[in-house]
Amino acid sequence: MDTDKAARPQPLIDRPGEAEEPPSGPVGNARPSDAADTPAAAPALSDTAEPACDEAAAPPKPRVIVMHASVGSGHRSAAMAVAQAFELLRDEAAAARAGAGEAADGAPRPHAPQGALAGVPVPEDLEVEVVDILDWGRIVFDGDHAASLFTGATRPIYDLTWRFTLTGRLLWAGGTAWSRIMYPAFTEHVREVRPLAIVCTHITAANVAVGARMLSGLEFPIVCVPTDYETEGLWPHRYTDLFCVANESMAETLRPRRVPEEGIRITGIPTREDFRRTYDQRETRERLGLPQDKTVVLALAGAQLPRPYVHFRDALDKLLPYLHALSDMHFVIVAGNDADYARHLRQECADLGLANVSVLDYVEGMAALMAASDVVICKSGGLVVTECLCAQVPMVLLGRAYGQEKVNVRMLTSLGAAMHVTTSRELLDALRHIEKNPESIRSMLINGSFLRHPDAARDVARATLELAAHPKSPDDPQRRKHFLRFYWGGKPAHTR
C-alpha cells in the first residue's frame, strides 16, 4: 500500500474551520495506477500512514471499499456520505474506548474493551476507500455523457431495465462476465486489500463487486444502496447481502425479485453529516445577506449534465422577467462552478433591474443554505431531493423526468411532499400559488417528513459492519460462482 502520508487524501469528517462539504475534485477517490497493469492499493481516507518496514509482513488493515460510478453527481455524493459515516463511527468508537480505558480516578485501565458503537464492532484501525468504478475499466468512458444518451429518443431503452411487467420479471443475478471483460484490475485490487466489506451506490459498481468476490474467492459482504426511490432491474439482486433502500415502496419492489426479507433494510438514502445538523435560519440569512421578511426561494442550477440542465436553465431564464412581480419573494440562484453561467445570470438580472435575486457561485455550506430557504427549485435527482427532505425544505421539481427521476417525482408528489412543473409558465404559476398560499409550504414540509431519514449514512455503515462481523459460510448459495445468469422473478409490485 501507499505509505506516503503526504499523498493521502484528508479525512472526510468536518472539522472546525473547514468546508462543510467534500471538495468537488477527486479527493478521496481511489484510482488505478497508470504505471502498472494492476493497481496498487489505493490510499485510504485516513491520514495515518503504516510504517514502511512492516508493510510486507503485516496483514492488510481492515478496509471498507465504498464504490460509485461517476454518472451524475448523486452516486458519488451518496458514496462520500457513507464513507464519512464509517470514519465518524470509527472515531466515535475510539473516543468511547479512550473513555472506557480510564478508571474513576483517571488512571488508565490495563485492558480497555474492544471498540464498539451501539453493539456494532468497529475496528480501531478501519480504513475507508472511495472508488469510482469507471476509472478501473479496460475502456474508461464518460459516465455523464453515457447517462445523457438515455434522456431523449433512446429513453425507452433505458426504461426497459426498470419495472415493466416483462422486464421487471427477467432479472440479472450478477456474475463474473462483466468483471472478466472490463474490470480485471479491480478484481486484483480486491485480492490485494482483502476488504472487510464493499458498499455500492451504483449498479455497475455492484455487479463488478459481485464478480470480484466470485473470482477472488474472498469472503466479504456486498451492500447495495440505490440512490433513487426505486430499484432498477440490473442490480445483482440474488448475489448481494443487503439492500439499503429509501422506503417501504422500494422494499415491495425487491420482494418479487426474490430478495429475502433479511436482505432488505429501510435506511433512507445517505446524505452527508451536515444534513443531520440544525441551523439558525435568521443567522444564516444574515450571513448571506438575505432578507428576513421574505419567502426565500432557492434555485439549484449548478450541475452540468449536458442535456437535463440545459432545459432547467432555459426555464429559469424565461422566468427572470417575471420575478419583479413576486415582490414577497427573494430568489437565490446557485450557479455552481460554472462561471460563465453565473456571469450570464448577473448580467440578465442587472439588465432587468431585479433587486430580489441573488446569484451565488459554488456553495460549500449547502445544508445551511437549504435550511435558510423556504422552498427549493431543483431537478428530481435522488440525492438532491433527499438533501431537501433532510434539510426540511419543500421542493418545486422542474423539468421532464425520465427513468429513475420519473419515479422520484411520482413518489414525492403522491405524498404531497413536492410540486412538479415542466415549463417556465407552470413554474411561474406554482410560485404565484405559493406566494398567495404560504401555508402550502408548511403542508409539503409535513408530508415530506414521512420520507426523512437524516441518519441514513450512519445506518448503512452500521448495517455493513454488522454483516462483516458475521461472515457467511463459503457454501452459502450467494457465494456460488457463475459467468452469466438471469432469473425469473415475481410480478413487479409497481409497473409502468
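The rules behind each value
- Residues numbered from 1 in each chain as written.
- Predicted model: local features only at pLDDT ≥ 70, side-chain atom pairs only at ≥ 80, totals over all residues.
- Heavy atoms only, no water.
- 1 Å grid on protein atoms, 1.4 Å probe; cavity = no way out; pocket = protein on both sides within 12 Å on 5 of 7 lines; lining within 4 Å.
- Points joined across faces, edges and corners; volume = space filled by probe spheres on them.
- Helix = DSSP H or I, 4+ residues; strand = E, 2+ residues; numbered from the N terminus.
- Nonpolar A, V, L, I, M, F, W, Y, C, P; charged D, E, K, R; others polar.
- Expected span 1.5 Å × (residues − 1).
- Buried < 20%, exposed > 50% of the residue type's maximum accessible area, 1.4 Å probe, protein only.
- Contact = heavy atoms within 4.5 Å.
- Salt bridge = Lys/Arg side-chain N within 4 Å of Asp/Glu carboxyl O.
- Patch = residues over 30% accessible without salt bridge, like charges linked within 9 Å, V, L, I, M, F, W, Y side chains within 5 Å.
- Areas by Shrake-Rupley, 256 points an atom, 1.4 Å probe, with all protein chains shown as cover.
- Pairing = 2+ DSSP bridges.
- Axes fitted to C-alpha atoms, helices over the stretch in contact; angles between N-to-C directions.
- Right-handed = clockwise from strand over helix to strand, strands pointing away.
- pLDDT = per-residue confidence, 0-100.
- Core = buried A, V, L, I, M, F, W, Y, C linked by side-chain atoms within 4.5 Å.
- Domains from an automatic or database assignment.

**Some words on empty space enclosed by the protein**
Where empty space is left in the structure can be found by rolling a water-sized probe over the atoms.
Link 1 in the chain: Taken as a whole, this structure holds 4 cavities of 30 Å³ or more when the rule is applied.
Link 2 in the chain: Taken as a whole, the largest cavity holds about 60 Å³ of empty space.
Link 3 in the chain: Lining the largest cavity we find Cys388, Leu389, Gln392, Val393, Pro394, Met395, Ala417, Met444, Leu445, Gly448, Ser449 and Arg452.
Link 4 in the chain: For the lining of the largest cavity, the secondary-structure elements that each account for two or more residues are helix 13 (382-390) and helix 16 (439-448).
Link 5 in the chain: Residue composition of the lining of the largest cavity, by class: 8 nonpolar, 3 polar and 1 charged.
Link 6 in the chain: What the second largest cavity holds in volume is close to 40 Å³.
Link 7 in the chain: Taken together, Ala299, Leu316, Leu319, Leu320, Leu323, Phe331, Ile333 and Ile377 make up the full set of residues lining the second largest cavity.
Link 8 in the chain: Mapped by element, the contributors of at least two residues to the lining of the second largest cavity are helix 10 (308-319) and strand 12 (329-334).
Link 9 in the chain: Classifying every residue of the lining of the second largest cavity by side-chain character gives 8 nonpolar, no polar and no charged.

**Digging into helix 14 (residues 403-414)**
Link 1 in the chain: Between the first and last C-alpha of helix 14 there are 17 Å, a value that for 12 residues agrees with the 16 Å anticipated at 1.5 Å per step.
Link 2 in the chain: The set of residues buried in helix 14 consists of Gly403, Gln404, Glu405, Val407, Asn408, Val409, Met411 and Leu412.
Link 3 in the chain: As for helix 14, its buried residues are in contact with helix 3 (155-159), helix 8 (248-254), helix 13, strand 15 (395-398) and strand 16 (418-421).
Link 4 in the chain: Once helix 14 finishes, glycine 416 follows within two positions and takes phi at roughly 75°, a positive value.

**Quick look at the pattern of salt bridges**
Link 1 in the chain: All told, the structure shown has 29 salt bridges when counted by the stated rule.
Link 2 in the chain: For aspartate 241, the salt bridge identified is with arginine 479, shortest N-O distance 3.0 Å. Remark: arginine 479 occurs in the loop between helix 17 (456-469) and strand 17 (486-488) and aspartate 241 occurs in the loop between strand 8 (222-224) and strand 9 (242-245); sequence separation between them is 238 residues.
Link 3 in the chain: We classify arginine 479 as buried; its relative accessible area is 14%.
Link 4 in the chain: Put simply, arginine 313 and aspartate 338 hold a salt bridge, and the shortest N to O gap is 2.9 Å. One end of the pair, arginine 313, is in helix 10; the other, aspartate 338, is in the loop between strand 12 and helix 11 (339-352), and 25 residues separate them in sequence.
Link 5 in the chain: We classify arginine 313 as buried; its relative accessible area is 13%.

**A short note on a nonpolar patch on the surface**
Link 1 in the chain: Together, Leu166, Leu170, Phe483, Leu484, Phe486 and Trp488 give the surface a local cluster of nonpolar side chains, amounting to about 670 Å² of exposed area.
Link 2 in the chain: Here leucine 484 lies in the loop between helix 17 and strand 17.

**Description of the sheet that holds strand 13 (residues 357-360)**
Link 1 in the chain: Ordered in space as 13-12-11-14-15-16, the 6 strands form an open sheet in which the pairing is parallel. Each edge of the open sheet carries a strand with a single partner, namely strand 13 and strand 16. Sheet twist, expressed as the average angle between the axes of neighbouring strands with direction ignored, equals 20°.
Link 2 in the chain: Pairing of strand 11 (residues 295-300) with strand 12 involves 6 bridges; the strand directions are parallel. If you follow valine 296 over to strand 12, its bridge partner there is histidine 330.

**Brief notes about the pairing of strand 12**
The two faces of the sheet receive side chains in turn, since in a regular strand these alternate between them.
Link 1 in the chain: A large share of strand 12 lies buried, amounting to 6 of its 6 residues.
Link 2 in the chain: Of the two faces of strand 12, the one carrying Met329, Phe331 and Ile333 and the one carrying His330, Val332 and Val334 are both buried.
Link 3 in the chain: Pairing analysis gives 4 bridges linking strand 12 to strand 13, with the strands arranged parallel. Counterpart to isoleucine 333 in the pairing with strand 13 is valine 359.
Link 4 in the chain: One crossover worth recording links strand 12 to the parallel strand 13 by way of helix 11, and it is right-handed.

**Some points on the confidence of the model for the chain**
Link 1 in the chain: Looking at the chain, pLDDT values average 84 and 81% of them are 70 or higher.
Link 2 in the chain: Here residues 1-27 is a poorly scored stretch, pLDDT under 50, and it has 74 contacts once near neighbours within four places are set aside; other chains count.

**Re the layout of surface pockets**
Link 1 in the chain: Of the volumes computed, that of the second largest pocket is approximately 340 Å³.
Link 2 in the chain: Lining the second largest pocket are 21 residues, with Gln281, Ala371, Ala391, Gln392 and Val393 sitting closest to its centre.
Link 3 in the chain: At the level of secondary structure, the elements contributing two or more residues to the lining of the second largest pocket comprise helix 12 (366-371) and helix 16.
Link 4 in the chain: When residues in the lining of the second largest pocket are grouped by element, the largest group, 3 residues, is from helix 12.

**Re the nonpolar core**
Link 1 in the chain: In this structure, Met67, Ile133, Phe186 and Met370 are the most contacted members of the largest nonpolar core, which totals 74 residues.
Link 2 in the chain: The element best represented in this core is helix 7 (residues 203-216), accounting for 8 residues.
Link 3 in the chain: Domain assignment of the residues forming this core places at least three in each of domain 1 (63-96 + 121-271 + 457-469) and domain 2 (277-450).
Link 4 in the chain: Once residues lying within four places of it in the same chain are set aside, the contact partners of methionine 370 are Phe275, Leu298, Leu300, Val384, Glu387, Cys388, Ala391 and Val393.
Link 5 in the chain: One finds Ala335, Cys349, Val359 and Ile377 within the second-largest nonpolar core, a separate group that totals 33 residues.

**Structural notes on the side chain of serine 440**
Link 1 in the chain: Here serine 440 is to be found in helix 16.
Link 2 in the chain: Owing to a relative accessible area of 16%, serine 440 belongs among the buried residues under this scheme.
Link 3 in the chain: Contact partners of serine 440, with chain neighbours within four places excluded, come to His433 and Ile434.

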